[in-house]
Amino acid sequence: LLTLILECFGTLKPTISNGGWDTYPEDVMTSPGPCNIPIRDSTLSHQEFMDLYAHSQPFVIRDGANNDLFRALTGKEHLIYSYGDSIVRLSSANSYSYEKRDMKFREYCKNYLFPQNRNTLGNETFYMFGDNDNEEWGDLLSEYRIPSYNLPKHSPALSFGVAGPGSGVPFHFHGPGFAEAIHGRKRWFLTKPDDRPTFHPNKTTLQWYFEDYPTVKKEMELYECTIRPGEAIYFPDKWWHATLNLDTSVFISTFLS
């Protein structure tokens, strides 16, 4: 039977599938790499969060909240069916993300979720993350369960994204928050606020990884880890950070602003 199927439809190409967001193994351009960041679980108390991490270092929280429903709602088939005609705003994948493009989510999934070309610069690469109408996407975002840790006088704001393998945001900094992988794996690189890493603002993270990562790793203390579905990373205030999606990925950030 398998032989007949292959004769009728051609060779089946294996994929890594996360919620229907497929990635061919040859399109995974980097390994998950090392993890030198503490990994905690839901037994972490809020007081421990404040004492150990809130203002001093990143950490990964595993299964901090149950987002099984949100993960199901963001499967490819369901998400395109529900939001395919919604307008999304893409940002250029350079450090300052000045240029924007608007299009239907369905069009973005069809034309932009390809593996990142290593020769394409950041200002020529467009990426769906944030800048979307939270009212239009409000029903979906309301199903996300944010991490239970917060900072005094800070309020959470959500930012949702979908991107192809090899994509990512180059080094930048802002206020504190959490970023969770919903589907696919995302590799993180962070340095302390006073340790500005070597990077060109118009290089993609993929270019930086192959050209500058070995030098940066030798020159300064580089915090890094790959998060997987069900894991979220905490980034403290004004820490430099860059991201690299290993697979076609769905992700969401909770900015504590």
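Residues numbered from 1 in each chain as written. Predicted model: local features only at pLDDT ≥ 70, side-chain atom pairs only at ≥ 80, totals over all residues. Heavy atoms only, no water.

Visitor: Just give me the short version of the sheet that holds strand β10 (residues 186-191), but keep the residues and values in it.
Guide: Pairing in this open sheet of three strands is antiparallel, and the strands run β11-β10-β13 from one edge to the other. Both edges of this open sheet fall to β11 (223-227) and β13 (240-245), since each of them pairs with a single strand only. Averaged over all pairs of adjacent strands, the angle between strand axes in this sheet comes to 15°, irrespective of strand direction. Note that β10 and β11 share five bridges and pair antiparallel. Counted as the bridge partner of Arg187 is Thr226 from β11. (Pairing = 2+ DSSP bridges. Helix = DSSP H or I, 4+ residues; strand = E, 2+ residues; numbered from the N terminus. Axes fitted to C-alpha atoms, helices over the stretch in contact; angles between N-to-C directions.)

Visitor: How would you summarise the side chain of Asn245 if you had to cite specific residues and measurements?
Guide: The topology assignment puts Asn245 in strand β13. A polar atom in the side chain of Asn245 sits 3.2 Å from the side chain of Tyr127. Other than its neighbours up to four places away in sequence, Asn245 contacts Tyr127, Ala163, Gly164, Pro165, Gly166, Ser167, Gly168, Arg185, Lys186 and Phe251. (Polar contact = N/O pair within 3.5 Å; in protein donor to acceptor, adjacent residues only side chain to side chain. Contact = heavy atoms within 4.5 Å.)

Visitor: Now, about the state of the cysteines: what can you tell me, with residues and values included?
Guide: Within the structure shown, the criterion is met by one disulfide. Here Cys35 connects covalently by a disulfide to Cys225, the sulfurs 2.0 Å from one another. Residues Cys35 and Cys225 are joined through a disulfide that is left-handed, its torsion about the S-S bond being -90°. Highlighted residues: Cys35 in the loop between β2 (21-23) and β3 (39-41) and Cys225 in strand β11, separated in sequence by 190 residues. Look at Cys35 and you get partly exposed, because its relative accessible area is 36%. Looking at Cys225, the relative accessible area reads 2%, which means it is buried. (Disulfide = S-S within 2.5 Å. Buried < 20%, exposed > 50% of the residue type's maximum accessible area, 1.4 Å probe, protein only.)

Visitor: How would you explain the sheet that holds strand β4 (residues 59-62) if you had to name every residue and give the values?
Guide: Spatially, the nine strands line up as an open sheet ordered β3-β4-β12-β9-β14-β8-β7-β5-β6, and their pairing is mixed. Only two strands of the sheet have a single partner each, and these edge strands are β3 and β6 (100-104). On average, each strand axis in the sheet is inclined to that of its neighbour by 30°, with strand direction left out of account. Where strand β9 (residues 177-183) lies against strand β12 (residues 231-235), four bridges are found, and the strand directions are antiparallel. Counted as the bridge partner of Phe178 is Tyr234 from β12. Most of the contacts of helix α2 (residues 46-53) go to β3, to which it runs at about 165°, and overall it touches β3, β4, β9 and β12.

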